[in-house]
There are 2 protein chains.
Amino acid sequence: MAVEIERRFLVKNEAWRGLVTPKLLYQGYLSVEKERTMRVRIVGDEAWVTIKGYISDVSRHEFEYAIPVQDALTILEQMCPFKMKKHRYCIEHQGHVFEVDEYFGDNAPLVVAEIELATEDTAFARPEWLGEEITHDGRFTNAYLSQHPYTTW
Amino acid sequence: MAVEIERRFLVKNEAWRGLVTPKLLYQGYLSVEKERTMRVRIVGDEAWVTIKGYISDVSRHEFEYAIPVQDALTILEQMCPFKMKKHRYCIEHQGHVFEVDEYFGDNAPLVVAEIELATEDTAFARPEWLGEEITHDGRFTNAYLSQHPYTTW
C-alpha cells in the first residue's frame, strides 16, 4: 500500500519547453468516481493498471500493477469510455521532479504541472514557469478531464 | 486477453454437499457498472484484481492479475463499498467443473452453480442437483448481489 501526496499547478509560460524529451502517455478510466478511480496507462512498451482511493485533494491511496501492453490496449480500446493522450515532461528542479503534462485533443492546449511530495507540507522550490495552484480544483484531475475535456468548459 | 464464457444455475437440493472441501472467497467491487466491473478477490494466501467487460449475459472480457494479499486486504477494507464472502466448491462432473458458490451474510442461503465453457453452445452433462438456469437474470451476478443482497429482494 502506498499513499500518493501530490500538488498540481498550471504553468504560466513556455520556459519549461525544451528542457527534456517527453514521453507519450495513453490512458483511460474504467471507473471515475471521486472516491476511487481505476486507470489503465500505456507508456512505450510498458503498461499498468492503477487503483486510486480519495483521501483528500492532496493525498490518495495508490496501488499500481504492471500488466501486458496488449491487455492494456484491448482494455483501453474496448472497455474504457473515457481516455486521453498527453505528453509528459519530467523536469527536475532543485531536488524535486515536476511532471509537466501537455494534453492533446479536446484537452489541448491545457498544460498541468504535478509534484509528488513526501508529506502534505513538504517545502519545494518553485520554478519560474510554475503558475497558479489547482490542487483543490477537481476539474483538473485526469478522471474529470477524460469525461469533460478542457475545451468544453 | 481472454473471453470468459459462463452459464449459471440455481441448485435444487443438497446432493452437492460433502463432495469436496470448499475454499473461502472474500471479494469486493471497485466498480459495478453493467458494462465493466473491477473485482478484488482473496482466496487463502493469494489475491487478484480482475477487470471484466460485458459482451453478453454469457460472455465477458476478462483480465486477471495477481496482486499482494496485503494490498487486496487494504483495498477491500478501505476502498470497496460492495463486498461479500462465500464458500466455493469446485465439483467435477463428467469432464466439466461446476463452481458451486454458497453465499454468507445478507446473501445466505443463496447457492449458485457456475460452469465455464469453451463456446456459448458447448454441451455439458447436468448433475442431478443442478436447478434452474439464471444466466440471463442479472440479479444473480456477484456485482449485483454485492449491492442488493439476496435477503433484501
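Along each chain, residue indices are assigned from 1 in the same order as the chain's sequence is written. Chains carry letters from A onward and ligands carry numbers from 1 onward, assigned in written order. pLDDT decides what is reported in this predicted model: residues at 70 or higher carry local features, side-chain atom pairs at 80 or more are listed and counted, and totals for whole chains, interfaces and linings draw on all residues regardless.

Looking at an unreviewed UniProt entry, one finds chain A named CYTH domain-containing protein and attributed to Vitreoscilla massiliensis.

So, on to the overall build of chain A. The secondary structure listing takes helices from DSSP runs of H or I that are at least 4 residues long and strands from runs of E that are at least 2 residues long, numbered from the N terminus. Secondary structure assignment for chain A yields 2 helices and 9 strands. Ordered by position from the N terminus, the helices and strands of chain A form the series β-β-β-β-β-α-β-β-β-β-α. Radius of gyration (C-alpha) of chain A: 15 Å, near the 15 Å computed for a compact globule of 153 residues. Dimensions along the principal axes, computed over C-alpha positions, put chain A at roughly 40 × 30 × 30 Å. Our exposure labels follow a C-beta count within 10 Å of each residue's own C-beta, placed from the backbone: buried means 20 or more other C-beta atoms, exposed means 12 or fewer, and partly exposed covers the counts in between. Within the span of chain A, comprising 153 residues, buried residues form 29% of the whole. It is over C-alpha atoms that the radius of gyration is taken, and the globule rule equals 2.2 Å times the number of residues to the power 0.38.

This part is about unusual backbone geometry. In this structure, A:Pro109 follows A:Ala108 across a cis peptide bond, with omega equal to 5 degrees. On the secondary structure map, A:Pro109 appears in the loop between strand S7 (96-103) and strand S8 (111-116).

We now examine the relation of the copies chain A and chain B. C-alpha atoms of residues with pLDDT of at least 70 in both copies form the basis for the least-squares superposition of the copies. Superposing chain A onto chain B requires a rotation of 180 degrees together with a translation of 0.0 Å along the rotation axis, leaving an RMSD of 0.0 Å. Here the symmetry operator amounts to a two-fold rotation axis. When C-alpha positions in chain A are compared against the rotation axis, the closest is assigned to A:Ser31, at 3.1 Å. Note on contacts: each residue gets a C-beta atom placed from the backbone, and two residues are in contact if those atoms are within 7 Å. When the interface residues of chain A are mapped onto chain B, 100% of them again lie at the interface, so the same face is used by both copies.

Counting 28 residues, the largest nonpolar core has A:Leu30, A:Val40, B:Leu30, B:Met38 and B:Val40 as the members making the most contacts within it. Each residue touching B:Val40, except ones within four places of it in the same chain, is listed here: B:Gln27, B:Gly28, B:Leu30, B:Ala47, B:Val49, B:Ala72, B:Ile75, B:Leu76 and B:Cys80. The nonpolar core criterion groups buried Ala, Val, Leu, Ile, Met, Phe, Trp, Tyr and Cys residues into a set whenever they are joined through C-beta atoms within 7 Å.

This paragraph deals with the pairing of strand S1 (residues 2-11) of chain A. Within a regular beta strand, the side chains point alternately toward one face of the sheet and then the other, so they alternate between its two faces. Residues and elements named next belong to chain A. Inspection of the sheet shows S1 paired to strand S5 (residues 59-67) by 4 bridges, in the antiparallel sense. Within S5, the position partnered with Glu-4 by the bridge is Arg-60. A pair of strands is labelled paired if DSSP reports no fewer than 2 bridges between them. Direction of pairing for S1 relative to S8: antiparallel, over a ladder of 5 bridges. Bridged to Leu-10 within S8 is Val-112. Two strands pair when backbone bridges link them, and S1 and strand S9 (residues 130-133) are joined in this way by 2 bridges, in the antiparallel orientation. The residue bridging Val-11 from the neighbouring strand is Leu-130, located in S9.

Time to look at the environment of B:Gly138. Residue placement: B:Gly138 occurs in the loop between strand S9 (130-133) and helix H2 (142-147). Residues B:Gly138 and B:Asp57, spaced 81 residues apart in sequence, show a C-alpha to C-alpha distance of 7.8 Å.

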